[in-house]
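Here's the letter readout for the chains.
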Amino acid sequence: EPQKSFQSIHIAGTNGKGSTATALSSILKECGFNVGLFTSPHLISFTERIRINNIQISEQSVIALAAKIRRLIEGNDLKPTFFEFVTAMTFHHFAAENVDFGIIETGMGGRFDSTNVIEPDISIITNIGIDHCEFLGNSISDIAFEKAGIIKPHVPVITASKNPDVIKQLSDIATERNSEIHIYDKDFRGSLLSMDDRHLEFNYTGHRNYSNLVLPLSGRYQLFNACTAIRASELLRQKDLSIPDRAISEGLSKVKLEGRFEYVSEDPPIILDCAHNPEAISSLSASLGDLLTGKKIILVLGVMNDKDIGGIIGPIIHIADSIILTKASYERAASPQRLAETINSLYGSGIKGTADISSTENVTEAINLAKSRCGKDGVILITGSFYTTGEAKELLGHAGVLSRLRE
(Lines give C-alpha, C1' and ligand atoms only; values in the text may rest on other atoms or scores of the structure.)
Protein backbone atom coordinates (compact mmCIF):
# COMPACT_ATOMS: atom_id res chain seq x y z
CA GLU A 1 0.00 0.00 0.00
CA PRO A 2 1.99 2.95 -1.30
CA GLN A 3 0.30 5.52 0.95
CA LYS A 4 1.90 3.87 4.00
CA SER A 5 5.39 4.75 2.79
CA PHE A 6 5.15 8.46 3.67
CA GLN A 7 3.80 10.63 6.46
CA SER A 8 0.74 12.59 5.47
CA ILE A 9 -1.48 15.53 6.22
CA HIS A 10 -5.09 15.32 5.10
CA ILE A 11 -7.07 18.45 4.17
CA ALA A 12 -10.83 18.78 3.65
CA GLY A 13 -13.06 21.86 3.54
CA THR A 14 -15.30 23.85 1.24
CA ASN A 15 -12.75 26.57 0.42
CA GLY A 16 -9.10 27.24 1.16
CA LYS A 17 -7.86 23.65 0.83
CA GLY A 18 -5.47 24.47 -2.00
CA SER A 19 -4.07 27.59 -0.34
CA THR A 20 -3.57 25.83 3.01
CA ALA A 21 -2.00 22.78 1.35
CA THR A 22 0.35 24.90 -0.75
CA ALA A 23 1.43 27.03 2.23
CA LEU A 24 2.18 23.92 4.28
CA SER A 25 4.04 22.30 1.40
CA SER A 26 6.18 25.43 1.06
CA ILE A 27 7.03 25.45 4.80
CA LEU A 28 7.97 21.74 4.86
CA LYS A 29 10.06 22.08 1.69
CA GLU A 30 11.93 24.93 3.41
CA CYS A 31 12.74 22.49 6.26
CA GLY A 32 14.50 20.24 3.75
CA PHE A 33 11.79 17.58 3.51
CA ASN A 34 10.84 15.95 0.22
CA VAL A 35 7.19 17.04 -0.03
CA GLY A 36 4.42 15.65 -2.21
CA LEU A 37 1.33 17.78 -2.85
CA PHE A 38 -1.94 16.46 -4.28
CA THR A 39 -4.63 19.02 -5.15
CA SER A 40 -7.62 19.35 -7.46
CA PRO A 41 -9.03 20.43 -9.80
CA HIS A 42 -6.43 22.02 -12.08
CA LEU A 43 -6.55 25.34 -13.87
CA ILE A 44 -4.75 24.64 -17.13
CA SER A 45 -2.80 21.44 -16.91
CA PHE A 46 -3.57 18.08 -15.33
CA THR A 47 0.05 17.95 -14.13
CA GLU A 48 -0.71 20.74 -11.61
CA ARG A 49 -2.53 18.17 -9.45
CA ILE A 50 0.55 16.12 -8.52
CA ARG A 51 3.68 17.95 -7.39
CA ILE A 52 6.86 17.21 -5.51
CA ASN A 53 8.60 20.18 -3.88
CA ASN A 54 6.13 22.28 -5.87
CA ILE A 55 7.35 20.95 -9.23
CA GLN A 56 4.57 19.50 -11.39
CA ILE A 57 4.75 15.87 -12.43
CA SER A 58 5.99 15.32 -16.00
CA GLU A 59 3.63 14.21 -18.75
CA GLN A 60 5.77 11.07 -19.24
CA SER A 61 5.26 10.11 -15.60
CA VAL A 62 1.51 10.67 -15.87
CA ILE A 63 1.34 8.32 -18.86
CA ALA A 64 3.54 5.68 -17.19
CA LEU A 65 1.56 5.83 -13.92
CA ALA A 66 -1.78 5.60 -15.71
CA ALA A 67 -0.55 2.46 -17.48
CA LYS A 68 0.70 1.03 -14.18
CA ILE A 69 -2.63 1.54 -12.38
CA ARG A 70 -4.49 0.13 -15.37
CA ARG A 71 -2.33 -3.04 -15.16
CA LEU A 72 -2.94 -3.31 -11.40
CA ILE A 73 -6.72 -3.27 -11.77
CA GLU A 74 -6.92 -5.48 -14.85
CA GLY A 75 -9.03 -8.55 -14.33
CA ASN A 76 -10.70 -7.05 -11.24
CA ASP A 77 -14.25 -5.80 -11.19
CA LEU A 78 -13.01 -2.42 -10.03
CA LYS A 79 -14.54 0.50 -11.89
CA PRO A 80 -12.66 3.44 -10.38
CA THR A 81 -13.89 6.97 -10.97
CA PHE A 82 -11.52 9.47 -12.57
CA PHE A 83 -10.64 10.88 -9.15
CA GLU A 84 -10.06 7.45 -7.56
CA PHE A 85 -7.74 6.54 -10.42
CA VAL A 86 -5.76 9.78 -10.02
CA THR A 87 -5.53 9.27 -6.24
CA ALA A 88 -4.00 5.82 -6.81
CA MET A 89 -1.54 7.26 -9.35
CA THR A 90 -0.52 9.94 -6.87
CA PHE A 91 0.14 7.54 -3.98
CA HIS A 92 2.24 5.29 -6.22
CA HIS A 93 4.19 8.29 -7.50
CA PHE A 94 4.87 9.66 -4.00
CA ALA A 95 6.02 6.23 -2.81
CA ALA A 96 8.33 5.77 -5.81
CA GLU A 97 9.82 9.23 -5.36
CA ASN A 98 10.41 8.66 -1.62
CA VAL A 99 8.53 11.70 -0.40
CA ASP A 100 8.78 12.32 3.36
CA PHE A 101 5.37 14.01 3.47
CA GLY A 102 2.31 13.81 1.31
CA ILE A 103 -0.09 16.74 1.68
CA ILE A 104 -3.34 15.32 0.43
CA GLU A 105 -6.42 17.35 -0.43
CA THR A 106 -9.77 15.53 -0.54
CA GLY A 107 -11.68 15.60 -3.81
CA MET A 108 -15.10 16.12 -2.28
CA GLY A 109 -16.46 15.64 1.22
CA GLY A 110 -14.15 13.38 3.17
CA ARG A 111 -15.86 10.36 4.66
CA PHE A 112 -16.14 8.40 1.40
CA ASP A 113 -13.44 10.28 -0.46
CA SER A 114 -10.87 8.03 -2.12
CA THR A 115 -8.10 9.89 -0.30
CA ASN A 116 -9.52 8.74 3.06
CA VAL A 117 -7.41 5.55 3.04
CA ILE A 118 -4.44 7.48 4.44
CA GLU A 119 -3.53 7.48 8.13
CA PRO A 120 -2.41 11.06 8.52
CA ASP A 121 -0.37 12.77 11.24
CA ILE A 122 -2.79 15.70 11.18
CA SER A 123 -6.21 16.31 9.67
CA ILE A 124 -7.30 19.80 8.62
CA ILE A 125 -10.86 20.97 7.91
CA THR A 126 -10.46 24.49 6.57
CA ASN A 127 -14.10 25.62 6.72
CA ILE A 128 -17.55 24.42 5.77
CA GLY A 129 -20.01 26.02 3.40
CA ILE A 130 -22.66 24.82 1.01
CA ASP A 131 -21.26 23.18 -2.13
CA HIS A 132 -21.72 19.82 -3.91
CA CYS A 133 -25.17 19.49 -2.27
CA GLU A 134 -26.24 16.76 -4.66
CA PHE A 135 -23.56 14.51 -3.15
CA LEU A 136 -23.02 15.80 0.37
CA GLY A 137 -26.45 16.88 1.61
CA ASN A 138 -28.30 20.16 1.77
CA SER A 139 -27.52 21.41 5.24
CA ILE A 140 -24.28 22.67 6.75
CA SER A 141 -24.47 19.93 9.36
CA ASP A 142 -24.77 17.17 6.71
CA ILE A 143 -21.76 18.59 4.91
CA ALA A 144 -19.79 18.99 8.17
CA PHE A 145 -20.51 15.32 8.95
CA GLU A 146 -19.08 14.28 5.55
CA LYS A 147 -15.94 16.42 5.94
CA ALA A 148 -15.48 15.24 9.55
CA GLY A 149 -15.09 11.77 8.04
CA ILE A 150 -11.36 12.53 7.80
CA ILE A 151 -11.01 12.89 11.60
CA LYS A 152 -9.15 9.75 12.72
CA PRO A 153 -8.85 8.32 16.24
CA HIS A 154 -6.02 10.02 18.17
CA VAL A 155 -5.03 12.21 15.20
CA PRO A 156 -5.21 15.95 15.93
CA VAL A 157 -7.55 18.04 13.77
CA ILE A 158 -7.28 21.76 12.96
CA THR A 159 -10.15 23.92 11.74
CA ALA A 160 -10.53 27.54 10.66
CA SER A 161 -14.33 27.31 10.56
CA LYS A 162 -16.13 30.36 11.96
CA ASN A 163 -19.59 28.81 12.31
CA PRO A 164 -20.29 28.01 16.01
CA ASP A 165 -22.62 25.10 15.12
CA VAL A 166 -20.00 23.59 12.83
CA ILE A 167 -17.28 24.04 15.46
CA LYS A 168 -19.47 22.30 18.05
CA GLN A 169 -20.24 19.45 15.66
CA LEU A 170 -16.56 18.97 14.73
CA SER A 171 -15.53 19.20 18.40
CA ASP A 172 -18.07 16.53 19.39
CA ILE A 173 -16.84 14.17 16.67
CA ALA A 174 -13.20 14.85 17.61
CA THR A 175 -13.95 14.11 21.30
CA GLU A 176 -15.70 10.89 20.34
CA ARG A 177 -12.57 9.82 18.42
CA ASN A 178 -10.12 11.04 21.09
CA SER A 179 -8.70 13.57 18.65
CA GLU A 180 -7.42 16.86 19.92
CA ILE A 181 -9.12 19.74 18.05
CA HIS A 182 -7.39 23.08 17.37
CA ILE A 183 -9.78 25.91 16.57
CA TYR A 184 -8.93 29.21 14.87
CA ASP A 185 -9.42 32.19 17.21
CA LYS A 186 -9.44 29.91 20.23
CA ASP A 187 -6.22 27.86 20.12
CA PHE A 188 -4.35 29.90 17.53
CA ARG A 189 -5.05 33.12 15.64
CA GLY A 190 -3.73 35.64 13.21
CA SER A 191 -4.05 39.40 12.93
CA LEU A 192 -3.80 41.20 9.63
CA LEU A 193 -1.27 44.05 9.65
CA SER A 194 -1.55 45.20 6.07
CA MET A 195 -2.76 44.00 2.69
CA ASP A 196 -2.46 45.18 -0.87
CA ASP A 197 -3.56 43.51 -4.08
CA ARG A 198 -0.54 41.18 -4.08
CA HIS A 199 0.56 40.46 -0.47
CA LEU A 200 -0.58 40.37 3.05
CA GLU A 201 1.42 40.87 6.21
CA PHE A 202 0.27 39.41 9.51
CA ASN A 203 1.12 38.30 13.03
CA TYR A 204 0.47 34.79 14.34
CA THR A 205 -0.26 33.72 17.91
CA GLY A 206 -0.07 30.03 18.81
CA HIS A 207 2.50 27.86 20.60
CA ARG A 208 4.93 30.58 19.54
CA ASN A 209 4.26 34.09 18.29
CA TYR A 210 5.44 35.26 14.90
CA SER A 211 5.29 38.83 13.75
CA ASN A 212 5.47 40.51 10.36
CA LEU A 213 5.00 37.33 8.34
CA VAL A 214 4.52 37.96 4.62
CA LEU A 215 2.34 35.91 2.27
CA PRO A 216 2.42 36.76 -1.46
CA LEU A 217 -1.33 36.15 -1.84
CA SER A 218 -4.14 38.60 -1.37
CA GLY A 219 -7.58 38.53 0.24
CA ARG A 220 -8.40 38.56 3.95
CA TYR A 221 -9.43 34.90 3.85
CA GLN A 222 -5.81 33.93 3.04
CA LEU A 223 -4.94 34.88 6.63
CA PHE A 224 -6.94 31.89 7.93
CA ASN A 225 -5.31 29.50 5.46
CA ALA A 226 -1.78 30.67 6.34
CA CYS A 227 -2.45 30.44 10.10
CA THR A 228 -3.88 26.94 9.69
CA ALA A 229 -0.68 25.88 7.87
CA ILE A 230 1.44 27.38 10.68
CA ARG A 231 -0.62 25.51 13.30
CA ALA A 232 -0.03 22.25 11.42
CA SER A 233 3.71 23.02 11.43
CA GLU A 234 3.58 23.60 15.20
CA LEU A 235 1.85 20.24 15.73
CA LEU A 236 4.46 18.46 13.59
CA ARG A 237 7.13 20.14 15.69
CA GLN A 238 5.50 18.62 18.79
CA LYS A 239 6.04 15.24 17.13
CA ASP A 240 9.78 16.01 17.22
CA LEU A 241 10.16 17.11 13.64
CA SER A 242 12.70 19.83 13.07
CA ILE A 243 10.74 22.86 11.89
CA PRO A 244 12.76 26.01 12.49
CA ASP A 245 11.00 29.38 12.81
CA ARG A 246 12.90 30.56 9.75
CA ALA A 247 11.32 27.79 7.65
CA ILE A 248 7.86 29.06 8.59
CA SER A 249 8.54 32.67 7.59
CA GLU A 250 10.61 31.77 4.50
CA GLY A 251 8.16 29.07 3.41
CA LEU A 252 5.19 31.44 3.57
CA SER A 253 7.06 34.22 1.76
CA LYS A 254 7.73 31.85 -1.19
CA VAL A 255 4.19 30.52 -1.68
CA LYS A 256 3.14 30.43 -5.33
CA LEU A 257 -0.47 29.70 -6.12
CA GLU A 258 -2.22 30.08 -9.43
CA GLY A 259 -5.75 31.31 -9.85
CA ARG A 260 -6.07 32.92 -6.42
CA PHE A 261 -6.38 36.67 -6.96
CA GLU A 262 -3.67 36.22 -9.57
CA TYR A 263 -2.56 38.98 -11.93
CA VAL A 264 -2.06 37.44 -15.36
CA SER A 265 -1.72 40.73 -17.23
CA GLU A 266 -0.58 44.21 -16.20
CA ASP A 267 -1.81 46.25 -19.16
CA PRO A 268 -4.75 46.02 -18.99
CA PRO A 269 -4.79 44.66 -15.41
CA ILE A 270 -6.45 41.22 -15.46
CA ILE A 271 -7.02 39.28 -12.26
CA LEU A 272 -8.12 35.65 -12.12
CA ASP A 273 -9.82 34.10 -9.12
CA CYS A 274 -11.27 30.61 -9.17
CA ALA A 275 -13.95 31.29 -6.50
CA HIS A 276 -16.81 28.97 -7.49
CA ASN A 277 -19.31 28.81 -4.64
CA PRO A 278 -21.24 31.43 -2.63
CA GLU A 279 -18.84 31.41 0.32
CA ALA A 280 -15.73 31.88 -1.83
CA ILE A 281 -17.37 34.60 -3.92
CA SER A 282 -18.52 36.42 -0.75
CA SER A 283 -14.97 36.34 0.65
CA LEU A 284 -13.59 37.61 -2.64
CA SER A 285 -16.17 40.41 -2.83
CA ALA A 286 -15.51 41.45 0.77
CA SER A 287 -11.82 41.92 -0.06
CA LEU A 288 -12.32 43.78 -3.34
CA GLY A 289 -13.30 47.02 -1.61
CA ASP A 290 -9.91 47.09 0.13
CA LEU A 291 -7.88 45.86 -2.81
CA LEU A 292 -9.23 47.72 -5.80
CA THR A 293 -10.33 51.03 -4.29
CA GLY A 294 -11.23 53.59 -6.90
CA LYS A 295 -11.00 51.09 -9.76
CA LYS A 296 -13.77 50.36 -12.22
CA ILE A 297 -14.33 46.60 -12.03
CA ILE A 298 -15.17 44.80 -15.25
CA LEU A 299 -16.43 41.42 -14.13
CA VAL A 300 -16.19 38.41 -16.46
CA LEU A 301 -18.32 35.66 -14.98
CA GLY A 302 -18.73 32.02 -16.03
CA VAL A 303 -20.34 29.47 -13.70
CA MET A 304 -21.03 25.73 -13.82
CA ASN A 305 -24.63 24.54 -14.21
CA ASP A 306 -24.65 22.44 -11.04
CA LYS A 307 -23.69 25.35 -8.76
CA ASP A 308 -25.88 27.74 -6.80
CA ILE A 309 -25.85 30.37 -9.54
CA GLY A 310 -27.92 32.92 -7.61
CA GLY A 311 -25.70 32.47 -4.55
CA ILE A 312 -22.58 33.08 -6.65
CA ILE A 313 -23.95 36.10 -8.52
CA GLY A 314 -25.49 37.80 -5.47
CA PRO A 315 -22.39 38.84 -3.52
CA ILE A 316 -20.34 40.08 -6.47
CA ILE A 317 -22.81 41.70 -8.81
CA HIS A 318 -23.10 44.96 -6.88
CA ILE A 319 -19.41 45.74 -6.93
CA ALA A 320 -19.05 45.46 -10.71
CA ASP A 321 -19.28 48.47 -13.00
CA SER A 322 -19.66 46.26 -16.03
CA ILE A 323 -20.66 42.60 -16.19
CA ILE A 324 -19.77 40.22 -19.00
CA LEU A 325 -21.37 36.79 -18.83
CA THR A 326 -19.63 33.92 -20.56
CA LYS A 327 -19.30 30.15 -20.83
CA ALA A 328 -16.24 27.92 -20.63
CA SER A 329 -16.05 25.31 -23.39
CA TYR A 330 -17.05 22.53 -21.05
CA GLU A 331 -20.25 20.53 -20.98
CA ARG A 332 -21.04 21.46 -17.36
CA ALA A 333 -20.88 25.20 -18.03
CA ALA A 334 -24.08 27.22 -17.59
CA SER A 335 -25.16 29.19 -20.66
CA PRO A 336 -24.82 33.00 -20.51
CA GLN A 337 -28.60 33.08 -21.15
CA ARG A 338 -29.22 31.14 -17.95
CA LEU A 339 -26.90 33.48 -16.00
CA ALA A 340 -28.70 36.51 -17.45
CA GLU A 341 -32.10 35.05 -16.55
CA THR A 342 -30.93 34.42 -13.00
CA ILE A 343 -29.73 38.02 -12.66
CA ASN A 344 -32.95 39.30 -14.10
CA SER A 345 -35.16 37.24 -11.82
CA LEU A 346 -33.14 38.25 -8.75
CA TYR A 347 -32.65 41.93 -9.42
CA GLY A 348 -34.75 42.99 -12.37
CA SER A 349 -33.28 46.30 -13.41
CA GLY A 350 -31.97 47.28 -9.98
CA ILE A 351 -28.29 46.47 -10.40
CA LYS A 352 -26.05 49.26 -9.19
CA GLY A 353 -28.14 51.51 -11.44
CA THR A 354 -25.40 51.73 -14.05
CA ALA A 355 -23.84 48.31 -14.50
CA ASP A 356 -24.33 47.11 -18.05
CA ILE A 357 -24.66 43.39 -18.60
CA SER A 358 -23.51 41.67 -21.78
CA SER A 359 -23.51 38.02 -22.79
CA THR A 360 -20.74 36.42 -24.83
CA GLU A 361 -20.66 32.95 -26.35
CA ASN A 362 -17.13 32.05 -25.25
CA VAL A 363 -14.25 33.17 -23.05
CA THR A 364 -12.23 34.67 -25.94
CA GLU A 365 -15.11 37.01 -26.80
CA ALA A 366 -15.56 37.88 -23.13
CA ILE A 367 -11.88 38.82 -22.71
CA ASN A 368 -11.89 40.93 -25.89
CA LEU A 369 -15.04 42.76 -24.83
CA ALA A 370 -13.62 43.33 -21.33
CA LYS A 371 -10.40 44.76 -22.79
CA SER A 372 -12.38 47.15 -24.99
CA ARG A 373 -14.22 48.42 -21.89
CA CYS A 374 -11.18 48.72 -19.68
CA GLY A 375 -10.14 52.36 -19.42
CA LYS A 376 -7.26 53.86 -17.44
CA ASP A 377 -8.90 53.22 -14.08
CA GLY A 378 -10.36 49.82 -14.99
CA VAL A 379 -9.45 46.33 -13.84
CA ILE A 380 -10.76 43.07 -15.32
CA LEU A 381 -11.73 40.33 -12.86
CA ILE A 382 -12.42 36.85 -14.25
CA THR A 383 -14.11 34.46 -11.82
CA GLY A 384 -16.96 32.00 -11.11
CA SER A 385 -15.29 28.65 -11.74
CA PHE A 386 -11.96 26.83 -12.12
CA TYR A 387 -12.95 26.09 -15.71
CA THR A 388 -13.61 29.73 -16.64
CA THR A 389 -10.40 31.01 -15.01
CA GLY A 390 -8.31 28.11 -16.36
CA GLU A 391 -9.50 28.68 -19.90
CA ALA A 392 -8.92 32.44 -19.59
CA LYS A 393 -5.40 31.82 -18.30
CA GLU A 394 -4.63 29.54 -21.22
CA LEU A 395 -6.06 32.04 -23.74
CA LEU A 396 -3.94 34.78 -22.20
CA GLY A 397 -0.84 32.87 -23.20
CA HIS A 398 -0.15 30.56 -20.28
CA ALA A 399 0.44 27.25 -22.02
CA GLY A 400 -1.23 24.12 -20.75
CA VAL A 401 -0.36 20.46 -21.23
CA LEU A 402 -2.78 17.55 -20.87
CA SER A 403 -5.28 20.31 -20.22
CA ARG A 404 -8.30 18.44 -21.48
CA LEU A 405 -8.25 15.78 -18.76
CA ARG A 406 -11.19 16.97 -16.72
CA GLU A 407 -13.47 15.23 -14.29
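Anyway, here's the lowdown on the structure attached to this text. All residue numbers here refer to positions counted from 1 along the written sequence of the relevant chain. The model is predicted, so local features are restricted to residues of pLDDT at least 70 and side-chain atom pairs to those at 80 or more, both for listing and for counting; the totals for chains, interfaces and linings are taken over all residues. Just so you know, side-chain values use all the structure's heavy atoms and leave hydrogens and water out.

### Describing the nonpolar core
- Grouping buried Ala, Val, Leu, Ile, Met, Phe, Trp, Tyr and Cys residues that are joined through side-chain atoms within 4.5 Å yields what is termed a nonpolar core. Note on exposure labels: buried denotes an accessible area under 20% of the residue type's maximum, exposed denotes more than 50%, and partly exposed covers the range between, all computed with a 1.4 Å probe on protein chains only. If you look at the biggest cluster of nonpolar residues, it comprises 39 residues, and the most contacted ones within it are Ile9, Leu28, Phe202 and Leu252.
- What counts as a helix is a DSSP run of H or I of at least four residues, what counts as a strand is a run of E of at least two, and both are numbered from the N terminus. It is helix 7 (residues 222-238) that provides the largest number of residues to this core, a total of eight residues.
- The contact rule is simple, with two residues in contact once any of their heavy atoms fall within 4.5 Å. Setting aside its immediate chain neighbours within four residues, phenylalanine 202 contacts Ser191, Leu192, Leu193, Ser211, Asn212, Leu213, Leu215, Leu223, Ala226, Cys227, Ile230 and Leu252.
- Phe261, Ile271, Leu299 and Ile313 belong to the second-largest nonpolar core, a separate cluster that totals 28 residues.

### Some remarks on the sheet that holds strand 1 (residues 7-12)
- The eight strands lie next to each other as 4-3-2-5-1-6-7-8, forming an open sheet whose pairing is mixed. Both edges of this open sheet fall to strand 4 (55-56) and strand 8 (181-183), since each of them pairs with a single strand only.
- Two strands pair under a simple rule: DSSP has to find at least two bridges between them. Pairing of strand 2 (residues 35-38) with strand 3 (residues 50-52) involves three bridges; the strand directions are antiparallel. Its bridge partner lying in strand 3, leucine 37 is registered against arginine 51.
- The sheet strands contacting helix 1 (residues 17-30) are strand 1, strand 2, strand 5 (101-105) and strand 6 (122-125), and the helix crosses strand 5 at an angle near 170°.
- The axes used here are C-alpha line fits, helices contributing only the stretch in contact, and every angle between their N-to-C directions lies in the interval 0 to 180 degrees. The strands touched by helix 7 within the sheet are strand 1, strand 5, strand 6, strand 7 (157-159) and strand 8, with strand 6 carrying the most contacts at an inclination of about 165°.

### Concerning the sheet that holds strand 10 (residues 200-205)
- Reading across the sheet, the three strands line up as 9-10-11 and stay open at both edges, with antiparallel pairing between neighbours. Whereas interior strands pair on both sides, the edge strands pair on one side only; in this sheet they are strand 9 (189-195) and strand 11 (209-215). Averaged over neighbouring strand pairs, the angle between their axes works out to 25° when direction is ignored.
- Those strands touched by helix 7 are strand 9, strand 10 and strand 11, and its axis lies near 40° from that of strand 10.

### Regarding helix 10 (residues 309-317)
- Burial analysis of helix 10 places seven of its nine residues in the buried class, which makes it a mostly covered element.
- Looking only at helix 10, the buried set comprises Ile309, Gly311, Ile312, Ile313, Gly314, Ile316 and Ile317.
- In the core, the buried residues of helix 10 are packed alongside helix 9 (278-291), strand 14 (296-301), strand 15 (322-325), helix 11 (336-347) and strand 17 (378-383).

### Here's the deal with unusual backbone geometry
- The omega angle of the peptide bond from serine 40 to proline 41 is -10°, so this bond is cis rather than trans.
- Tracing the chain through its elements places proline 41 in the loop between strand 2 and strand 3.
- In this chain, aspartate 267 is followed by proline 268 through a cis amide linkage whose omega measures 0°.
- The residue proline 268 is located in the loop between strand 12 (262-266) and strand 13 (269-273) in this model.
- Although it is not a glycine, asparagine 53 sits at a positive phi angle of roughly 50°.

### Digging into the packing of aromatic side chains
- Only centres within 6.5 Å qualify two rings of Phe, Tyr or Trp (six-membered ring in Trp) as a pair; their planes then separate them into stacked at under 30 degrees, edge-to-face at over 60, and tilted for everything else. Inspection of every chain in the model, using the stated rule, returns 11 aromatic pairs.
- A centroid spacing of 6.1 Å and a plane angle of 55° characterise the contact between phenylalanine 6 and phenylalanine 91, whose relative ring orientation is tilted. In this pair, phenylalanine 6 is assigned in the segment before strand 1 and phenylalanine 91 in helix 3 (residues 82-96), connecting sequence segments 85 residues apart. There is no split in this pair, since phenylalanine 6 and phenylalanine 91 are both buried.
- When the ring of phenylalanine 33 is compared with that of phenylalanine 101, the centres are 5.4 Å apart and the planes differ by 80°; the resulting orientation is edge-to-face. Placement of phenylalanine 33 in the loop between helix 1 and strand 2 and of phenylalanine 101 in strand 5 is noted, with a sequence separation of 68 residues between them. An identical accessibility class is assigned to phenylalanine 33 and phenylalanine 101; each is buried.
- By the ring-pair criterion, three or more aromatic residues cluster together here, those being Tyr184, Phe188, Tyr204, Tyr210 and Phe224.

Limitation: the analysis is restricted to geometry and does not speak to function.
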